[in-house]
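Commentary on secondary and tertiary structure
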Amino acid sequence: MTVPLCALLKRPTAADLVWAQADTVVWLDLPRRVSFSRVLSRTVRQFVRRVDVFPGCRQSLWAAWRDRLFHSAWREPQKYRSVIPALLDQPEYGHVHLVRLQSRRAVAAWSRCNVDLGESKREESDGNS
């Protein structure tokens, strides 16, 4: 199950439900210039190409501004840098392993490693069928 981190942090009950069952939390803690430029370019690209963000809902630059998308993309990562470690220090999350990836290179390396593991698991399960 994939749940946006901001949803978990804003609703502690969601964090309680999801993180209690998780064994690993992967935190993409990329530099602000990387994450903000991605939000900005993705939003503009969706607007120009008239892509549906949700079915029947096209991207609007006005809505992105009104909803403070760019403000959140700029300010929220700093908040998470203190909230996530504090949350994982709680005893009920002692079983959760944190993978904190702080660069594009680290994300790529971690992804390569875990894609390879996932493929080998699938091959093993196919062989046992």
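What comes next is a walk through the structure. (Residues numbered from 1 in each chain as written. Predicted model: local features only at pLDDT ≥ 70, side-chain atom pairs only at ≥ 80, totals over all residues. Heavy atoms only, no water.)

**Some thoughts on the environment of R45**
Here R45 shows up in helix α3 (residues 32–48). In the structure, R45 is positioned 14 residues away from Q59 in sequence and 9.0 Å away in space, judged by C-alpha atoms. (Helix = DSSP H or I, 4+ residues; strand = E, 2+ residues; numbered from the N terminus.)

**Regarding the pairing of strand β1 (residues 24–28)**
Of the two faces of β1, the one lined by V25 and W27 is fully buried and the one lined by T24, V26 and L28 carries no buried residue. Two strands pair when backbone bridges link them, and β1 and strand β4 (residues 97–101) are joined in this way by 5 bridges, in the parallel orientation. Paired with W27 across the bridge in β4 is R100. (Buried < 20%, exposed > 50% of the residue type's maximum accessible area, 1.4 Å probe, protein only. Pairing = 2+ DSSP bridges.)

**Quick notes on unusual backbone geometry**
Even without being glycine, R50 reaches a positive phi, approximately 55 degrees. Along the chain, R50 turns up in the loop between α3 and β2 (52–54). R50 sits in the exposed class, given a relative accessible area of 55%.

**Side note on the nonpolar core**
Listed in full, the 10 residues of the largest apolar core are V18, W19, V25, W27, Y80, I84, L87, L88, Y93 and V96. Of all the elements in the fold, those that place two or more residues in this core are α2 (12–21), β1 and α5 (69–88). Look past the residues within four positions of L88 in its chain and what remains in contact with it is W19, Y93, V96 and L98. (Core = buried A, V, L, I, M, F, W, Y, C linked by side-chain atoms within 4.5 Å. Contact = heavy atoms within 4.5 Å.)

**Considerations on the packing of aromatic side chains**
Enumeration over the complete set of coordinates arrives at 1 aromatic pair. Ring centres 5.3 Å apart and planes at 85 degrees place the aromatic pair F36 and W74 in the edge-to-face group. On the criterion of sequence distance, the pair formed by F36 in helix α3 and W74 in helix α5 is long-range, its members being 38 residues apart. Geometry around W74 places R32 over its ring, the cationic atom sitting 4.5 Å from the centre. (Phe/Tyr/Trp six-rings, centres within 6.5 Å; stacked < 30°, edge-to-face > 60°. Lys NZ or Arg CZ within 6 Å of the ring centre and 35° of its normal.)

**What about α5?**
Given a rise of 1.5 Å per residue, 20 residues ought to cover 28 Å, and the 26 Å separating the end C-alpha atoms of α5 matches this to within 8%. A maximum bend of about 35 degrees is found in α5 at R75, where proline P77 lies one to four positions downstream. Those residues of α5 not exposed but buried are F70, A73, E76, P77, Y80, I84, L87 and L88. (Expected span 1.5 Å × (residues − 1). Bend = angle between axes of the 7 residues up to and from the residue.)

**Re the pattern of salt bridges**
A full pass over the atoms with the stated rule returns 2 salt bridges. Residue R81 is joined to D29 by a salt bridge in which the shortest nitrogen-to-oxygen separation is 2.9 Å. On the criterion of sequence distance, the pair formed by R81 in helix α5 and D29 in the loop between β1 and α3 is long-range, its members being 52 residues apart. With a relative accessible area of 26%, R81 lands in the partly exposed category. Note on D29: relative accessible area 4%, which makes it buried. (Salt bridge = Lys/Arg side-chain N within 4 Å of Asp/Glu carboxyl O.)

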